[in-house]
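# Residue-level structural notes
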Amino acid sequence: MKIAFTSCMSTRVFDDQPVWEWIQAQQPDYLVLLGDSVYLDIHFKDGHPMDMTDLQFADHLHANYAELLAHKQFRALVQSMAPKTVFSIWDDHDFLWNDMAGAEAMASPIHRGKVAITSAFQVAFRQALATGIKAGSFPASATKPSLWTFQAMPLPTPSVTLPHNTVLHLSDGRTHRTRKWAIKESAKTILGLPQKNQFASVYNASHPDSVHLFASGSTLGDYKKSFPQDWLWLSNLATQRRTLVLSGDLHRNESSHHSTQPWMLHEATASGAAVRDMVVVGEKRENHGLLDIDDACVTVSLFEKNTLETAKSFQLDRQHWLVSPVGG
């Protein structure tokens, strides 16, 4: 089984996006988009999204998602794959705007309505991906009634059973997220208690030898530094089942390994599919990752401009869940 994963792309930063052709050439069985699939806080025409009316914001969302779904290289990749094999989560730029926390937005009479709208659009985006972007699978306009009446909050966070005794968890790191400052440590969270309880129940019910892929827009560094309760929760899950976090956000590829017992907690970050260093400024980023999973090993390959980054790639022995170099 091959799983491609990446994050952070914008048709409004540059139109030619060869990363999708490179992924397609690998013929993955699944594709996981780890957030910032669109950037709502760049190249806007009606003022910053935080100042838009709800209808202006919906139009802005629709235009961004429609451009990505119509993008020739991205569309070709999705349409080459089987139905229900392309998954999406979100991060700050496709949730609302840079660093916005959902708990704060939900407490604001001005922004609460935008959370409902952006949630409905993320669900509509997921549904279009699941069909292979069939004609009519994405709303033709931002005023389609279903976008305004469908109850998409909180965003669905499914756990998907995959071959080779593997489970993919699609987390929501924005809706329940609190700020990092001016709040007591015990109240800080990325995921929120209901979501954590949901994932924990799936872990508890899973086969003891299963591998769990935890899709997160935020990296483990963000958990560990700013959200200690969620870091302890995820670390505890990793002691129960073999866990590999797939993350985005950084506009570069990285890997990390944490000494939880009896199973280590591993992370692979693939970020910057089609943006620049600082979104619109700097060098082009064209990064992606690939998992090869069988009953014996999980191999993580990270690619920069379609060149394997050997020092950041690694292999996991499923028996002991220990890391070794790719090819080692």
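Our structure's up above, just so we're on the same page.
Residues numbered from 1 in each chain as written. Predicted model: local features only at pLDDT ≥ 70, side-chain atom pairs only at ≥ 80, totals over all residues. Heavy atoms only, no water.

Across its full length, the protein holds ten helices and 16 strands. Against the compact-globule benchmark of 20 Å for 328 residues, the protein has a radius of gyration of 19 Å, which places it among compact chains. For the protein, the spread of C-alpha atoms along the principal axes amounts to about 55 × 45 × 35 Å. In the protein, 67% of the contacts between residues at least 6 apart in sequence involve partners at least 24 apart. Here the protein has roughly 13100 Å² of accessible surface; of this, 54% comes from carbon and sulfur atoms. The average position of the 29 basic charges and that of the 33 acidic charges among the side chains of the protein differ by 4 Å. (Helix = DSSP H or I, 4+ residues; strand = E, 2+ residues; numbered from the N terminus. Rg over C-alpha atoms; globule rule 2.2 N^0.38 Å. Contact = heavy atoms within 4.5 Å. Areas by Shrake-Rupley, 256 points an atom, 1.4 Å probe, with all protein chains shown as cover. Lys, Arg positive; Asp, Glu negative; His and termini not counted. Charge placed at Lys NZ, Arg CZ, Asp CG, Glu CD.)

With five of five residues buried, strand β9 (residues 265-269) lies mostly within the body of the structure. Sheet topology note: the strand β7 (residues 242-247)/β9 ladder contains five bridges and is parallel. The residue of β9 that forms the bridge with S247 is T269. Relative to β9, strand β8 (residues 254-258) is paired through five bridges, and the arrangement is antiparallel. When the bridges of β9 are listed, E254 appears paired with T269. Linking β8 to β9, which pair antiparallel, is a turn of six residues. (Buried < 20%, exposed > 50% of the residue type's maximum accessible area, 1.4 Å probe, protein only. Pairing = 2+ DSSP bridges.)

With that settled, the discussion passes to the pattern of salt bridges. Two side chains of opposite charge can pair, provided their charged atoms sit close to one another. Taken as a whole and assessed by the stated rule, the structure comprises 13 salt bridges. Here E104 makes a salt bridge to R179, at a shortest N to O gap of 3.4 Å. One end of the pair, E104, is in helix α5 (residues 102-106); the other, R179, is in the loop between β5 (166-170) and α8 (193-205), and 75 residues separate them in sequence. Between R252 and E254 there is a salt bridge, and its shortest N-O distance comes to 2.9 Å. Overall, R252 belongs to the partly exposed group, its relative accessible area being 39%. Bridged by salt links that share partners, the residues R177, K180 and D222 form one connected network. (Salt bridge = Lys/Arg side-chain N within 4 Å of Asp/Glu carboxyl O.)

Scanning the model with the defined rule gives one cavity of 30 Å³ or more in all. In terms of lining, the largest cavity is formed by M9, S10, T11, R12, S37, V38, N64 and L68. (1 Å grid on protein atoms, 1.4 Å probe; cavity = no way out; pocket = protein on both sides within 12 Å on 5 of 7 lines; lining within 4 Å. Points joined across faces, edges and corners; volume = space filled by probe spheres on them.)

A cis amide bond links Q261 to the next residue, P262, at an omega of 5°. Mapped onto the secondary structure, P262 falls in the loop between β8 and β9. Even without a glycine there, the phi angle at D99 is positive, about 65°. Position of D99 relative to the elements: it lies in the loop between α4 (92-95) and α5. Although it is not a glycine, H251 adopts a positive phi angle of roughly 65°. Looking at the secondary structure, you find H251 in the loop between β7 and β8.

We now examine the pairing of strand β4 (residues 159-162). On β4, burial follows the alternation: V160 and L162 on one face are buried, whereas S159 and T161 on the facing-out side are not. Adjacent in sequence and paired antiparallel, β4 and β5 are bridged by three residues, among which H164 carries a positive phi angle near 60°.

Looking now at the environment of A270. Its location among the elements puts A270 in the loop between β9 and β10 (275-276). Along the backbone, A270 and A142 are 128 residues apart, and their C-alpha atoms lie at a distance of 31 Å. Excluding residues that lie within four positions of it along the chain, A270 makes contacts with F5, T6, S7, S247, G248, R252, N253, H288, G289 and L302.

The calculated volume of the largest pocket comes to roughly 360 Å³. Lining of the largest pocket is provided by 19 residues; of these, D99, R174, R177, K180 and D222 occupy positions nearest its centre. Reported here for the second largest pocket is a volume of approximately 200 Å³. When residues of the lining of the second largest pocket are traced back to their parent elements, those giving at least two are β3 (86-89) and α6 (112-130).

Spatially, β4-β5-β6-β7-β9-β8 is the arrangement adopted by the six strands of the open sheet, whose pairing is mixed. Either end of the sheet is taken by a strand with one partner, and the two such strands are β4 and β8. Put simply, the sheet's adjacent strands are angled 20° from each other on average, direction ignored. Inspection of the sheet shows β5 paired to strand β6 (residues 211-216) by five bridges, in the parallel sense. The residue of β6 that forms the bridge with H169 is F214. On top of the sheet, α8 reaches β4, β5, β6 and β7; it is set at about 175° to β5, its chief contact. (Axes fitted to C-alpha atoms, helices over the stretch in contact; angles between N-to-C directions.)

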